[in-house]
Amino acid sequence: MIHSTSAGRLTVRVYRDRADAGAAAASAAAQALRDVLDRQNHARVAFAAAPSQLEMLTGLRAAPDIDWSRVVAFHLDEYVGLPREAPQRFDKFLRREIWDSVRPGQTHAIDPDGDPQAACARYAELLEAGPLDLICLGIGDNGHLAFNDPPVADFDDPLHVKVVELDDACRKQQVTDGCFATLDEVPTRAVTLTLPTLLSGKRLIVTVPGAAKHKALRATLEGPVSVDCPASALREHTASTLFADAAAYGDTHEDPRR
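In short, a report on the structure. Keep in mind it's a predicted model, so treat the numbers as computed, not measured.

**Here's the deal with the sheet that holds strand E8 (residues 161–165)**
Stage number 1. If you trace the three strands from one edge of the open sheet to the other, you get E5-E9-E8, paired in antiparallel fashion. The open sheet has two edge strands, strand E5 (77–80) and E8, and neither has a second partner. When the angles between neighbouring strand axes are averaged without regard to direction, this sheet yields 25 degrees.
Stage number 2. As judged from the five bridges shared by E8 and strand E9 (residues 189–193), these two strands associate in the antiparallel manner. Among the inter-strand pairings, Val 164 is bridged to a residue of E9, identified as Ala 190.
Stage number 3. In the packing of helix H4 (residues 116–127) onto the sheet, contacts are made with E5, E8 and E9, and the angle to E8 comes to roughly 145 degrees.

Below you can see the structure in the form of structure tokens.
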């Protein structure tokens, strides 16, 4: 670690590169899981599915002494309109990167095929069965959490899960991240957990690597707590730690609270 600070209640740790940041996030997530499983029979965990999470997921699936058979796994969002076999589907991503390796006792995938509103209701019912003990997430280039882009983000959203229109910045990120070849291929709608659902997680591990995240990360740490940067709400969560690399954070001699 090359720098440590805080922004509101959010702990911020900065590492030299994305490999170190991802490894540290994985270690923190693994320990959070062990702590939960020491206290109770099951851990309910929700995962983001994005290239920014790859190093963290690599470390987490290799972490020792986690009884994954007692883990109930969820994910944060899913595209509407992609074929079930499309590799960009987020449940496919998580199966490739972690679930097929660690074999959680239960995995709950968002299935928006057919009727996305009905899928929201089904997933909300699963989420309402108990609190999320751990959420592993990132921050979008536009400051979104999951697919709560600024135009649709609502800190007081009455829903647990909803259908949203994706804004242009979010869709462009999917191309620059290498998930789609062209903007026309990126779906325009998605199902997402809402901000209140995400912020109700007992422990949040936030992994933010890469220079493309710099503007959004600075807004998260320095700007007003506003839906203009949905991730700014992390500063009010009581048990959140953000792991960034130097490229995302910028000059470590600057204090984000300045």
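Here the narrative resumes.
**Some points on the sheet that holds strand E4 (residues 71–75)**
Stage number 1. An order of E1-E2-E11-E10-E7-E3-E4-E6 is seen for the eight strands of this open sheet, with the pairing classed as mixed. Every interior strand has two partners, whereas the edge strands, strand E1 (3–7) and strand E6 (106–107), have only one.
Stage number 2. Pairing analysis gives five bridges linking strand E3 (residues 43–47) to E4, with the strands arranged parallel. The partner of Arg 44 across the bridge, within E4, is Val 72.
Stage number 3. Seen against the sheet, helix H1 (residues 18–39) touches strand E2 (10–15), E3, E4, strand E7 (134–137), strand E10 (204–208) and strand E11 (240–245) and runs at an angle of roughly 160 degrees to E11.

**Digging into the pattern of salt bridges**
Stage number 1. Enumeration according to the criterion identifies twelve salt bridges in this entry.
Stage number 2. For Glu 55, the salt bridge goes to Arg 18, with nearest N and O atoms at 3.0 Å. Of this pair, Glu 55 sits in helix H2 (residues 54–61) while Arg 18 sits in helix H1; the two residues are 37 residues apart in sequence, bridging distant segments of the chain.
Stage number 3. Across the pair Glu 97 and Arg 61 runs a salt bridge, and its minimum N-O distance is 3.7 Å.

**A closer look at helix H5 (residues 168–176)**
Stage number 1. Among the residues of H5, those classed as buried are Cys 170, Arg 171, Gln 173 and Gln 174. Along the axis of H5, the buried positions cluster into a sector of 150 degrees, meaning they face one direction only.
Stage number 2. For H5, the elements touching its buried residues are E5.
Stage number 3. Where H5 terminates, the next one or two residues include Gly 178, which has phi positive at roughly 85 degrees.

**Quick notes on the packing of H1 against H2**
Stage number 1. Packing of H1 against H2 leaves a shortest axis separation of 7 Å and a crossing angle of 45 degrees. Taken together, H1 and H2 sit at an angle that is classed as oblique. For the element pair H1 and H2, the recorded crossing hand is right-handed. Of H2, the residues touching H1 (which contributes Arg 18, Ala 19, Gly 22, Ala 25, Ala 26, Ala 29, Ala 30 and Leu 33) are Glu 55, Met 56, Gly 59 and Leu 60.
Stage number 2. Classifying every residue of the contact of H1 with H2 by side-chain character gives eight nonpolar, two polar and two charged.

**A few points about the packing of aromatic side chains**
Stage number 1. All told, the structure shown has seven aromatic pairs when counted by the stated rule.
Stage number 2. With a centroid separation of 6.3 Å and 25 degrees between ring planes, the pair formed by Tyr 15 and Phe 243 is classed as stacked. Taken together, the positions of Tyr 15 in strand E2 and Phe 243 in strand E11 put the pair 228 residues apart, joining distant regions of the chain. Like Phe 243, Tyr 15 is buried.
Stage number 3. With a centroid separation of 4.8 Å and 35 degrees between ring planes, the pair formed by Tyr 79 and Phe 90 is classed as tilted. One end of the pair, Tyr 79, is in strand E5; the other, Phe 90, is in helix H3 (residues 90–102), with eleven residues separating them in the sequence.
Stage number 4. The buried category is assigned to Tyr 79, whose relative accessible area is 1%.
Stage number 5. Classification of Phe 90 as buried rests on a relative accessible area of 7%.
Stage number 6. Arg 218 extends its terminal NZ or CZ atom over the ring of Tyr 249, reaching a point 4.5 Å from the ring centre.

How each quantity is defined
Each chain carries its own residue numbering, running from 1 in the direction its sequence is written. Since the coordinates come from a predicted model, pLDDT governs what is reported: local features require at least 70, and pairs of side-chain atoms require 80 or more to be given and counted, while whole-chain, interface and lining totals use all residues. With hydrogens and water set aside, each side-chain value is computed from the structure's full complement of heavy atoms. Two strands pair under a simple rule: DSSP has to find at least two bridges between them. Helical segments are the DSSP runs of H or I of at least four residues, strand segments are the runs of E of at least two, and each set is numbered from the N terminus. A fitted line through C-alpha atoms serves as each axis, taken over the contacting stretch for helices, and the angle formed by two N-to-C directions is quoted from 0 to 180°. By definition, residues are in contact when any of their heavy atoms lie within 4.5 Å. Salt bridge, as used here, is a side-chain nitrogen of Lys or Arg placed within 4 Å of a carboxyl oxygen of Asp or Glu. The buried label goes to any residue with under 20% of its type's maximum accessible area, the exposed label to any with over 50%, and the partly exposed label to all in between, with areas taken from a 1.4 Å probe on protein chains only. Think of the arc as the fan of directions from the helix axis to the C-beta atoms. Any angle from 65 to 115 degrees is called roughly perpendicular, while one under 35 is roughly parallel, one over 145 is roughly antiparallel, and all others are oblique. For any helix crossing, the convention is left-handed if the near helix is rotated counterclockwise from the far helix by under a right angle, and right-handed if that rotation is clockwise. Throughout this entry, Asp, Glu, Lys and Arg are counted as charged residues, while Ala, Val, Leu, Ile, Met, Phe, Trp, Tyr, Cys and Pro are counted as nonpolar. The remaining residues, Gly among them, count as polar. Each Phe, Tyr or Trp ring (for Trp, its six-membered ring) is paired with any other whose centre lies within 6.5 Å, and the angle between the two planes then decides the class: stacked below 30 degrees, edge-to-face above 60, tilted in between. Placement of a charge over a ring requires the Lys NZ or Arg CZ to be within 6 Å of the ring centre, with the centre-to-atom vector within 35 degrees of the ring normal.

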